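A look at the structure
These are the residues of each chain, in order.
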Amino acid sequence: MEQVTLSSIGATNVATECTADPTSTNPPFPSEMFVNIFDVLYWSITEPLPFPLPYDDALKYFKRHPLLDYMLVCRRWYNIVQASPSYWTFVEMGVTSGVAREGCGAGHHNATPPGQGELIDAQKPLERSGSLPLRLTVAPEFFSKVGWLEVIRKHARRLESLDLVYNPKNGTIRRISPEHLVQLLELPFLSLKRLHLGRLYFTLTTLGWSDPFQINLNAPHLHQLSYHFQLIIPSTPSRLTFLSISGSDFSLIKLPIGQSQIELPELLELRITDCEPAPVLSVFSTPALQALAINADEISAEVPEDLPEYPHLRDLQWLDVGNDQTFELVFRHCPNLTRYANYVVGSENKLNPKHLTDGPTILERPGGINSIGWPKLEEVLLDCALCVDLLGLAELVPTIKRMRILKNPCEFGDKIIEAELLVQLRQKVDIAIGIDSWTDS
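Residues numbered from 1 in each chain as written. Predicted model: local features only at pLDDT ≥ 70, side-chain atom pairs only at ≥ 80, totals over all residues. Heavy atoms only, no water.

**Here's the deal with the overall build of the protein chain**
Note the cut-off: Each helix corresponds to a stretch of at least 4 residues labelled H or I by DSSP, and each strand to a stretch of at least 2 residues labelled E; elements are numbered beginning at the N terminus. Residues are treated as being in contact if the distance between any of their heavy atoms lies within 4.5 Å.
Within the protein chain, the secondary structure is distributed over twelve helices and 19 strands. Taking all contacts inside the protein chain whose residues are at least 6 apart in sequence as the whole, residues at least 24 apart take part in 66%.

See the structure below:
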């Protein structure tokens with residue numbers, strides 16, 4: 001069957017009706033057929049979008065409706081999209097503030113003037129979505145609109161994902177009131193599955209903004225939570241499978257009387273950035289944890305008295321900043337670890353190879369690499385290392401199949417010696433240098 005390609009249609013005014021040729025014996029195509037096609041087109045654009053959505057991507061997406069090209073073909077297609085609730089479930093508030101949106105003025109809809117008109121504009125897709133689940137992206141600009149809370153409150157029970165994004169425009173920091181954030185997160189989010197709070201800046205109010213504050217979140221079905229600075233604690237956190245914490249001080253957390261830990265029985269992945277890891281690891285009980293990523297620029301100031309075993313942990317990524325006793329304690333409690341990295345995967349572009357001058361701390365321990373118990377690793381990722389140390393590790397842990405080294409060993413040590421040892425190392429394990437692909441992939 002010949003493949004049919006749907007190409008983008010240039011923006012035009014909605015001026016024609018999609019009607020059948022009056023001389024044709026065939027009736028017009030039914031609306032259901034177009035709905036089926038539009039369904040495929042809409043979901044092919046919205047489903048691959050990541051969560052959380054970076055601000056630039058959010059702005060690009062929300063400037064034009066995914067089906068705008070087809071809405072502008074004829075009046076009939078326009079009306080089909082306008083009347084279908086499923087095409088208005090991915091909405092924004094404040095992201096396009098002050099930005100001209102493509103398609104405004106098409107048909108009988110005119111561009112809304114700035115000011116409170118933006119609040120009205122934000123309500124239109126919410127109303128068109130009917131009673132369907134919603135994915136909402138909110139920018140701080142929206143909090144300055146009178147009546148913003150009531151708009152969200154009306155639809156809070158339908159929200160499946162909520163993303164608070166932030167991006168300084170022209171270097172200007174837009175601050176919001178911490179009371180506004182508290183008011184928002186105190187709403188009952190009975191269907192919420194994903195919540196992300198980006199880096200927000202607060203005004204000086206009665207709550208203060210220099211210290212983080214704790215918010216107990218009413219979201220019983222929450223699966224994914226990521227936030228910066230504040231302490232966001234779901235009132236029923238048992239369904240969380242992903243948790244990312246950035247810039248929070250967990251030494252300030254207030255647990256209910258008689259409770260020493262927060263139980264997260266289904267948590268699979270925990271990411272800690274710019275935080276003291278010890279208080280976080282101590283306050284959470286994570287028996288099912290499979291992946292742990294720690295990205296902190298300083299050695300842990302606190303060391304937990306003890307930590308439980310992490311029997312299901314397979315992936316440990318911990319930025320190497322020197323001899324860290326908290327790291328050693330965690331490493332000793334991961335008997336089934338299969339992948340270890342001394343940096344956080346995905347942040348490779350932040351590591352300048354020219355500044356990588358010290359070998360991995362775990363390979364340069366005073367007692368040697370065999371002074372710590374090694375699990376049966378299969379994959380090791382290091383920022384830099386000498387091939388002699390890597391050969392020693394491969395012999396000590398024969399289960400290792402693959403190694404990735406961000407800085408070429410030939411640039412880290414003696415070029416001739418490292419080149420010879422690298423040949424020997426490749427005979428034992430699959431080696432990738434920098435961000436190159438594995439040779440066996």
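**Looking at helix α12 (residues 415-428)**
Side chains of residues three or four places apart in an α-helix project in the same direction, reflecting 3.6 residues per turn. The condition that has to hold: Expected helix span is given by 1.5 Å per residue-to-residue step, counting one fewer step than there are residues. We call a residue buried when its accessible area falls under 20% of the maximum for its residue type, exposed when it is over 50%, and partly exposed in between, using a 1.4 Å probe and counting protein chains only. Arc definition: directions from the helix axis to the C-beta atoms. We call two N or O atoms a polar contact when they sit within 3.5 Å, provided that within protein one can donate a hydrogen and the other can accept it, with sequence-adjacent residues counted only if both atoms are side-chain atoms.
Helix length check: α12, at 14 residues, gives a terminal C-alpha distance of 20 Å against a target of 20 Å (1.5 Å per residue), a fit within 8%. Listing the buried residues of α12 in full gives E418, L421, L422 and L425. Axial view of α12: buried residues confined to an arc of 115°, hence all on one face. Summarising the geometry of α12, the exposed residues directed more than 90 degrees from the buried face are I416, E420 and Q427. Residues of α12 that are buried make contact with α10 (387-396), β18 (402-405), α11 (409-412) and β19 (430-433). By the N-cap criterion, in which a side-chain oxygen at the helix start approaches the backbone nitrogen of a residue two or three places on, α12 is capped by D414, the distance to I416 being 3.1 Å.

**Concerning the packing of α10 against α12**
We apply this condition: Simply put, an axis is a line fit to the C-alpha atoms, just over the touching stretch for a helix, and the angle between two N-to-C directions goes from 0 to 180 degrees. Throughout this description, any angle smaller than 35 degrees is read as roughly parallel, any larger than 145 degrees as roughly antiparallel, any in the 65 to 115 degree range as roughly perpendicular, and the remainder as oblique. A clockwise turn of the near helix away from the far one marks a right-handed crossing, whereas an anticlockwise turn of less than a right angle marks a left-handed crossing. Asp, Glu, Lys and Arg are counted as charged, while Ala, Val, Leu, Ile, Met, Phe, Trp, Tyr, Cys and Pro are counted as nonpolar; the rest, among them Gly, fall into the polar class.
Close contact between α10 and α12 brings their axes to 9 Å; oriented N to C, the two are set at 20°. Here α12 runs roughly parallel to α10, going by the angle between their axes. Where α10 crosses over α12, the handedness of that crossing is left-handed. Residues C387, V388, L390, L391, A394 and E395 of α10 lie in contact with α12, whose contacting residues are E418, L421, L422, Q424, L425 and K428. The residue inventory of the contact of α10 with α12, partitioned by class, reads eight nonpolar, one polar and three charged.

**Considering the nonpolar core**
Quick reminder of the rule: In these notes, a set of buried Ala, Val, Leu, Ile, Met, Phe, Trp, Tyr and Cys residues joined through side-chain atoms within 4.5 Å is what counts as a nonpolar core.
Among the nonpolar cores identified, the biggest contains 96 residues, and L162, L184, L185, F189, W374 and M403 are the most heavily contacted of them. No other element matches α10, which puts five residues into this core. Every residue in contact with M403, bar those within four places of it in the chain, is listed here: V380, L390, L393, A394, L425, V429, D430, I431, A432 and W438. Grouped together as the second largest cluster of nonpolar side chains are 23 residues, L41, Y70, I80 and V81 included.

**What about the side chain of H228?**
Mapped onto the fold, H228 is located in strand β8 (residues 224-228). For H228, the side chain forms a polar contact with the side chain of R199, separated by 3.4 Å. When neighbours within four sequence positions are excluded, H228 is seen to be in contact with L197, G198, R199, S246, G247 and S248.

**Some remarks on the pairing of strand β15 (residues 315-318)**
Quick reminder of the rule: For two strands to pair, DSSP has to find at least two bridges joining them. When the strands point away from the viewer, a crossover counts as right-handed if the route from the first strand across the helix to the second turns clockwise.
Burial of the side chains of β15 extends over both faces: D315 and Q317 are buried on one face and L316 and W318 on the other. For β15 and strand β16 (residues 339-341), the ladder comprises three bridges, and the chain directions are parallel. Across the sheet, the residue bridging to D315 is R339, located in β16. Chirality of the crossover, the property in question, places the unit of β15, helix α9 (residues 325-332) and β16 among those that are right-handed.

**What to know about the packing of helix α6 (residues 148-155) against helix α7 (residues 178-185)**
Two elements in contact, α6 and α7, have axes whose closest approach is 10 Å; the angle formed by their N-to-C orientations is 15°. As summarised for this structure, α6 and α7 are arranged roughly parallel, according to the angle between their axes. For the pair α6 and α7, the crossing hand works out as right-handed. Here W148, L149 and I152 of α6 lie close against α7, whose contacting residues are H180, Q183 and L184.

**Some words on the pairing of strand β9 (residues 231-234)**
Remark: a regular strand shows side chains that alternate across the two faces of the sheet. With burial as the criterion, each face of β9 is covered, one bearing L231 and I233 and the other bearing I232 and P234. Note: strand β7 (residues 214-217) against β9, four bridges, orientation parallel. Counterpart to L217 in the pairing with β9 is P234.

**Side note on the environment of Q183**
Within the secondary structure layout, Q183 lies in helix α7. For Q183, a relative accessible area of 35% translates into the label partly exposed. When the C-alpha positions of Q183 and L149 are compared, they lie 7.7 Å apart, and in sequence the two are 34 residues distant. In contact with Q183, not counting residues within four places along its chain, are W148 and L149.

**Some details on α7**
Taken as a whole, α7 has its buried residues at P178, L181, V182, L184 and L185. What you see down the axis of α7 is that its buried residues fit within an arc of 160°, all on one side.

**Regarding the pattern of salt bridges**
Convention followed: Put simply, a salt bridge is a Lys or Arg side-chain nitrogen that is within 4 Å of an Asp or Glu carboxyl oxygen.
Here the structure, examined in full by the defined rule, presents eleven salt bridges. The shortest N-O distance in the salt bridge between R153 and E150 comes to 3.2 Å. Taken together, the residues R153 and E150, both in helix α6 and three residues apart, mark about one turn of the helix. Note on R153: relative accessible area 39%, which makes it partly exposed.

**As for the packing of aromatic side chains**
The line we're drawing: Each aromatic pair joins two rings of Phe, Tyr and Trp (for Trp, the six-membered one) with centres within 6.5 Å, and gets the label stacked for planes under 30 degrees apart, edge-to-face for over 60, and tilted for any other angle. Geometrically, a lysine NZ or arginine CZ counts as sitting over a ring once it is within 6 Å of the ring centre and also within 35 degrees of the ring normal.
As enumerated under the stated definition, the model contains 16 aromatic pairs in all. Members of the aromatic cluster, connected to one another through ring pairs, are W318, F327, F331, Y340 and W374. Positioned above the aromatic ring of Y78 is the side chain of R75, whose terminal nitrogen or guanidinium carbon lies 5.9 Å from the ring centre. A cation over an aromatic ring shows up here: R128 above the ring of W88, its NZ or CZ 4.6 Å from the ring centre.

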